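Summary of structural features
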Amino acid sequence: MRTRRITVTAAVLGALALPLLSAPAAQALTPSVDSPGPRSCNRPGPWVIGTKAVTIRSKATTKSTAVGVLYKGQKFTVHKTSGNWHHVTNKSTGIKGWVSGTYVYRDVRMCLN
């Protein structure tokens, strides 16, 4: 019984290792010295909305009047930051106002060198 279990285990491990052994070796890309422009990982990513919707307010406080809504996936521009609030313009409607930094943040980019 034990011999059969060892044989089956060895066969399964061998079958799992086969694709790894037959895969071509990975080759690292070396960046060229004369590459044009800055690399995309050296810059922060685009601004994104981290929830379904964010209220655009007239002032940088939760007690101020709501002037619009930014929905996830909408394009917007951040003009300035004050504390945890960002002054934005909704590109589709043109509405300007403040949104909380709790829900709006820079997307993370990662470079693998």
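This write-up is about the structure you can find in this document. (Residues numbered from 1 in each chain as written. Predicted model: local features only at pLDDT ≥ 70, side-chain atom pairs only at ≥ 80, totals over all residues. Heavy atoms only, no water.)

1. Details of the overall build of the protein chain
Note the cut-off: Comment: elements are numbered from the N terminus, with helices defined as DSSP H or I runs of at least four residues and strands as E runs of at least two. Every residue pair with non-hydrogen atoms within 4.5 Å of one another is taken to be in contact. Each accessible area value is a Shrake-Rupley result obtained with a 1.4 Å probe; residue values ignore everything except the protein chains displayed when judging cover.
Check the secondary structure of the protein chain and you find 1 helix and 7 strands. If you list the helices and strands of the protein chain from N to C, you get α-β-β-β-β-β-β-β. Across the protein chain, the fraction of contacts at a sequence separation of at least 24, relative to all contacts at a separation of at least 6, is 41%. With the model as given, the accessible surface of the protein chain reaches about 9,000 Å², and the carbon-plus-sulfur share is 58%.

2. Digging into the environment of Thr89
For clarity, the threshold we go by: Partly exposed residues are those whose accessible area sits between 20% and 50% of the maximum for their type, while under 20% is buried and over 50% is exposed, using a 1.4 Å probe and protein chains only.
Relative to the elements of secondary structure, Thr89 occurs in strand 5 (residues 85-90). Overall, Thr89 belongs to the buried group, its relative accessible area being 13%. Along the sequence, Thr89 and Ile56 sit 33 residues apart, while their C-alpha atoms lie 9.1 Å from each other. Not counting residues within four places of it along the chain, the set of residues in contact with Thr89 comprises Lys75, Phe76, Thr77, His79, Gly94, Ile95 and Lys96.

3. Details of the side chain of Asn90
Position of Asn90 among the secondary structure elements: in strand 5. Filtering out sequence-adjacent residues up to four positions away, Asn90 remains in contact with Ile56, Val69, Leu70, Gln74, Lys75, Phe76 and Ile95.

4. Re the pairing of strand 5
To keep it simple, the criterion reads: At least two DSSP bridges between two strands are required for those strands to pair.
Of all 6 residues in strand 5, 6 are buried; the element is thus mostly enclosed. Where strand 4 (residues 76-82) and strand 5 come together, 6 bridges link them in antiparallel fashion. Directly across from Phe76, in strand 5, lies its bridge partner Asn90. Between strand 4 and strand 5, which follow one another and run antiparallel, lie 2 residues, and Gly83 among them has a positive phi close to 65 degrees. Two strands pair when backbone bridges link them, and strand 5 and strand 6 (residues 96-100) are joined in this way by 5 bridges, in the antiparallel orientation. When the sheet's bridge partners are listed, Trp85 is paired in strand 6 with Ser100. Joining the antiparallel neighbours strand 5 and strand 6 is a turn of 5 residues, in which Gly94 adopts a positive phi near 80 degrees.

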